[in-house]
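Here are the chains, one letter per residue:
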Amino acid sequence: MAKVAPELQYSDEHEWVAREGGNVVSIGISAVATDALGDIVYVDLPEVGATVTAGETCGEVESTKSVSDLYAPVTGEVTEVNDAVVSDPALINSDPYGAGWLFKVAVAEEGPLMSAEEYAAANGGEL
């Protein structure tokens, strides 16, 4: 069973949200998603300064199995992109809740988010 980090919130589309302080959040994809995707080989992320809208696509993740859209769990402006995962997408598989974070957003509005417990129950994850 895939690990679900208890301190995070999650979207229906398997993105996680971590509060950074103020209105800034980090966003990544869950271990449940990385397990389903397999080895991630490419990631396309929004540009710094771009506006993302909760529930809409903002990039994509390509694995050896498939290509999946990346959905924004919040609405706001992208403030930082993790260049390390662009250079080495395997970081998303090896450390999805740490070094594998994708981008940060200054949040204007949150989309519908689940607690770790709700996400784990809905997706077969383990806290």
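What you are looking at is a predicted structure, and each value in this text was computed from that prediction instead of being measured.

Student: Before we go on, may I ask you to explain unusual backbone geometry in this structure?
Tutor: Trans is the common state for peptide bonds, and a negative phi is the common state for residues other than glycine. Even without being glycine, His 14 reaches a positive phi, approximately 80°. By the element assignment, His 14 lies in the loop between strand S1 (9-10) and strand S2 (15-21).

Student: Teacher, can you tell me more about the nonpolar core here?
Tutor: Buried together is how nonpolar side chains tend to be arranged in soluble globular proteins. Ile 29, Leu 45, Leu 70, Leu 102, Phe 103 and Val 105 are the most contacted members of the largest nonpolar core, which has 24 residues in total. Within the residue set of this core, elements represented by two or more residues are strand S3 (24-29), helix H1 (31-37), strand S4 (40-44), strand S6 (57-63), strand S8 (74-81) and strand S9 (103-110). One finds Val 4, Ala 31, Val 32 and Ala 120 within the second-largest nonpolar core, a separate group that totals 14 residues.

Student: Can you help me understand the sheet that holds strand S5 (residues 51-52) in this one?
Tutor: By definition, the strands of a sheet pair up through backbone hydrogen bonds, in either a parallel or an antiparallel sense. Within the open sheet, the six strands sit side by side as S1-S2-S3-S9-S8-S5. Their pairing is antiparallel. Looking at strand neighbours, the two that pair on one side only are S1 and S5, the edges of this open sheet. Note: S2 against S3, six bridges, orientation antiparallel. The residue of S3 that forms the bridge with Trp 16 is Gly 28.

Criteria and thresholds
- Every chain is numbered independently, its residues counted from 1 as its sequence is written.
- Note on the predicted model: pLDDT of at least 70 is required for a residue's local features to be given, and 80 or more for side-chain atom pairs to be given and counted; whole-chain, interface and lining totals, by contrast, use all residues.
- Where side-chain values are given, they derive from all heavy atoms of the structure, hydrogens and water being excluded.
- We count a stretch as a helix when DSSP gives it H or I for four or more residues in a row; a strand needs E for two or more, and each element gets its number in order from the N terminus.
- Only buried residues count toward a nonpolar core. Its members are Ala, Val, Leu, Ile, Met, Phe, Trp, Tyr and Cys residues joined through side-chain atoms within 4.5 Å.
- Buried, partly exposed and exposed residues are distinguished by accessible area as a fraction of the type maximum, computed with a 1.4 Å probe on protein chains only: under 20%, between the cut-offs, and over 50%, respectively.
- Any two strands with at least two DSSP-identified bridges between them are counted as paired.

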